[in-house]
Amino acid sequence: MEECLICGSKTKMVEDKQLKLSYALCQRCGFIYKDKAVHLNLEAEHNQYLTHNNSFESEGYVKIFVDLIRDHIKPLNISGKILDFGSGPGPVLKTLLVQNGFDAFDYDPFFNRNEAYLSKKYQLITCTEVAEHFTNPISEFKLLTSMLEDKGYLLIMTKFRTMSLDEFMNWWYRRDRTHVSFYTPESLEEISKQCGLSIVYNNKINIMIFQK
Ligand SMILES: [Zn+2]
């Protein structure tokens with residue numbers, strides 16, 4: 001039996017006979033990880049992202065970030081650098097941050113592989129609709145933590161799995177073929193401990209802010 005990628009506890013295999021795939025469900029922190037055998041290869045993953053409508057053309061997509069900046073980023077009083085990690089082809093959030101007077105950069109492993117940005121330090125790193133794509137969450141979160149200044153913030157937006165397993169099996173969010181990691185608030189708490197971060201905000205739905 002596989003161990004949980006987050007907390008190392010025992011997992012239980014959960015099968016979806018319809019989609020013909022399985023998940024490892026952690027018995028302790030509730031993290032759910034899609035069977036590696038059905039993860040997309042990098043090329044297929046890239047092609048899938050190209051079909052997402054994540055641009056300024058999509059009003060709903062832009063509004064999410066306008067609201068995020070107003071409600072969650074401005075209150076942090078950031079005066080230093082901001083990195084949007086996993087910005088996608090847009091990069092919508094970075095552009096809006098710059099328009100709002102922030103010193104913002106974006107990095108994306110598929111669309112903007114500017115490695116130099118990974119060796120800088122940031123007062124805030126945003127990671128929106130990205131963590132569900134992580135194939136190795138702990139090492140990704142540790143990388144992000146290493147790029148934070150002391151007292152810097154990490155803002156994560158990913159839909160938390162707060163529903164039962166039955167509801168999870170009917171959840172549209174898991175049907176995206178590029179989504180492989182599904183976090184409960186408990187699993188994010190475990191991640192924060194392992195990375196030496198404290199949780200300063202949790203809306204219990206999809207946004208958590210950590211501080212180094
Ligand atoms: Zn776990």
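In case you missed it, the structure is sitting above this.
Our subject in this report is the structure included herewith. Sequence order as written defines the numbering, with residues in each chain counted from 1. Reporting in this predicted model follows two pLDDT cut-offs: at least 70 for local features of residues, and 80 or more for side-chain atom pairs to be given and counted; totals over whole chains, interfaces and linings ignore these cut-offs and use all residues. Note: side-chain values were computed over all heavy atoms of the structure, leaving out hydrogens and water.

## A look at the overall build of the chain
A run of DSSP states H or I qualifies as a helix once it reaches four residues; a run of E qualifies as a strand once it reaches two. Both are numbered from the N-terminal end. Counting its secondary structure elements, the chain contains 6 helices and 10 strands. Here the C-alpha radius of gyration of the chain, 17 Å, is about what a compact globule of 212 residues would show, namely 17 Å. Dimensions of the chain, computed from the C-alpha atoms along their principal axes, are close to 50 × 35 × 30 Å. When accessible area is computed with a 1.4 Å probe and restricted to protein chains, residues below 20% of their type maximum are described as buried, those above 50% as exposed, and intermediate ones as partly exposed. Expressed as a percentage of the 212 residues in the chain, the buried residues total 52%. In this tally, Lys and Arg are treated as positive and Asp and Glu as negative; His is ignored, and so are the chain termini. For this purpose, a charge sits on NZ of Lys, CZ of Arg, CG of Asp or CD of Glu. Separation between the mean location of the 25 positive side-chain charges and that of the 27 negative ones in the chain comes to 3 Å. We take the radius of gyration over the C-alpha atoms and set the globule estimate at 2.2 Å times the residue count to the 0.38 power.

## Section: the sheet that holds strand β3 (residues 32–34)
Spatial ordering of the open sheet is given by β1-β2-β3-β8, a layout of 4 strands whose pairing is antiparallel. The open sheet terminates on both sides in strands that have one partner only, identified here as β1 (11–16) and β8 (181–182). Two strands pair under a simple rule: DSSP has to find at least two bridges between them. Pairing analysis gives 2 bridges linking β3 to β8, with the strands arranged antiparallel. Looking at β8, one finds that I32 is bridged to F182.

## Comments concerning the coordination of the zinc ion
Atoms of type N, O and S within 2.8 Å of a metal are treated as its donors, and for Na, K and Ca the window is 3.2 Å; water is not considered, so some sites may appear to be missing partners. In this structure, C4 (SG), C7 (SG), C26 (SG) and C29 (SG) serve as the protein donors to the zinc ion, at separations of 2.3 Å. Considering all 4 donor atoms around the zinc ion, the spread of angles at the metal, 98 to 118°, places the coordination shape in the tetrahedral class. Any site counts as irregular unless it has four donors with all angles between 85 and 135 degrees, making it tetrahedral, or four or six donors with opposite ones more than 155 degrees apart and the rest between 65 and 115, making it square planar or octahedral.

## With respect to the sheet that holds strand β5 (residues 103–107)
Pairing within the open sheet is mixed, and its 6 strands lie in the order β5-β4-β6-β7-β10-β9. The open sheet has two edge strands, β5 and β9 (198–202), and neither has a second partner. Going from strand to strand, the sheet's axes swing by 20° on average, the running direction of each strand aside. Two elements, β9 and strand β10 (residues 207–211), share 4 bridges in a ladder whose sense is antiparallel. The residue of β10 that forms the bridge with N202 is M208. The contact definition used throughout considers only heavy atoms, calling two residues in contact when any of these lie within 4.5 Å. Orientation is described by axes fitted as lines to C-alpha atoms, over the contacting stretch for helices, and by angles from 0 to 180 degrees between their N-to-C directions. Each of β4 (81–85), β5 and β6 (122–128) is contacted by helix α3 (residues 92–99), which is oriented at about 170° to β5, the strand it contacts most. This element, helix α4 (residues 137–146), spans β4, β6, β7 (148–157) and β10 of the sheet and lies at about 135° to β7.

## Regarding the layout of surface pockets
Buriedness of a pocket was judged along seven lines, with at least five required to meet protein on both sides within 12 Å; pockets are open sets of points on a 1 Å grid over the protein atoms alone, cavities are sets where a 1.4 Å probe fits but cannot get out, and lining residues have an atom within 4 Å of a point. Grid points are joined across faces, edges and corners, and a volume is the space filled by probe spheres set on the points. Of the pockets and cavities examined, the largest pocket occupies roughly 910 Å³. At the level of secondary structure, the elements contributing two or more residues to the lining of the largest pocket comprise α1 (42–50), α2 (59–73), β4 and α4. A per-class count over the lining of the largest pocket returns 18 nonpolar, 11 polar and 9 charged. Classification used: nonpolar for Ala, Val, Leu, Ile, Met, Phe, Trp, Tyr, Cys and Pro, charged for Asp, Glu, Lys and Arg, polar for all others including Gly.

## Some words on the pattern of salt bridges
Any Lys or Arg side-chain nitrogen located within 4 Å of an Asp or Glu carboxyl oxygen qualifies as a salt bridge. Summed over the entire model, instances satisfying the criterion amount to 8 salt bridges. A salt bridge links K63 to D67, with the nearest nitrogen and oxygen atoms 2.7 Å apart. With K63 and D67 both in helix α2, this residue pair falls 4 residues apart, about one helical turn. Connected via shared salt-bridge partners are K63, D67, R70 and D71.

## Some thoughts on helix α6 (residues 185–195)
Buried within α6 we find P185, S187, L188, E190, I191, S192 and C195. Here the buried face of α6 lies against α4, β9 and β10. At the exit of α6 stands G196, carrying a positive phi of roughly 70°.

## Comments concerning α2
Here the expected span of a helix is defined as 1.5 Å times the quantity of residues minus one. The terminal C-alpha atoms of α2, which comprises 15 residues, lie 20 Å apart, in line with the 21 Å expected from a rise of 1.5 Å per residue. Residues of α2 that are buried include every one of Y61, V62, F65, D67, L68, I69, H72 and I73, and no others. On the buried face of α2, the contacting elements are α3, β6, β7, β9 and β10.

## Some thoughts on the side chain of T145
Here T145 lies in helix α4. Beyond its immediate stretch of four places on either side in the chain, T145 contacts C195, L197 and K212.

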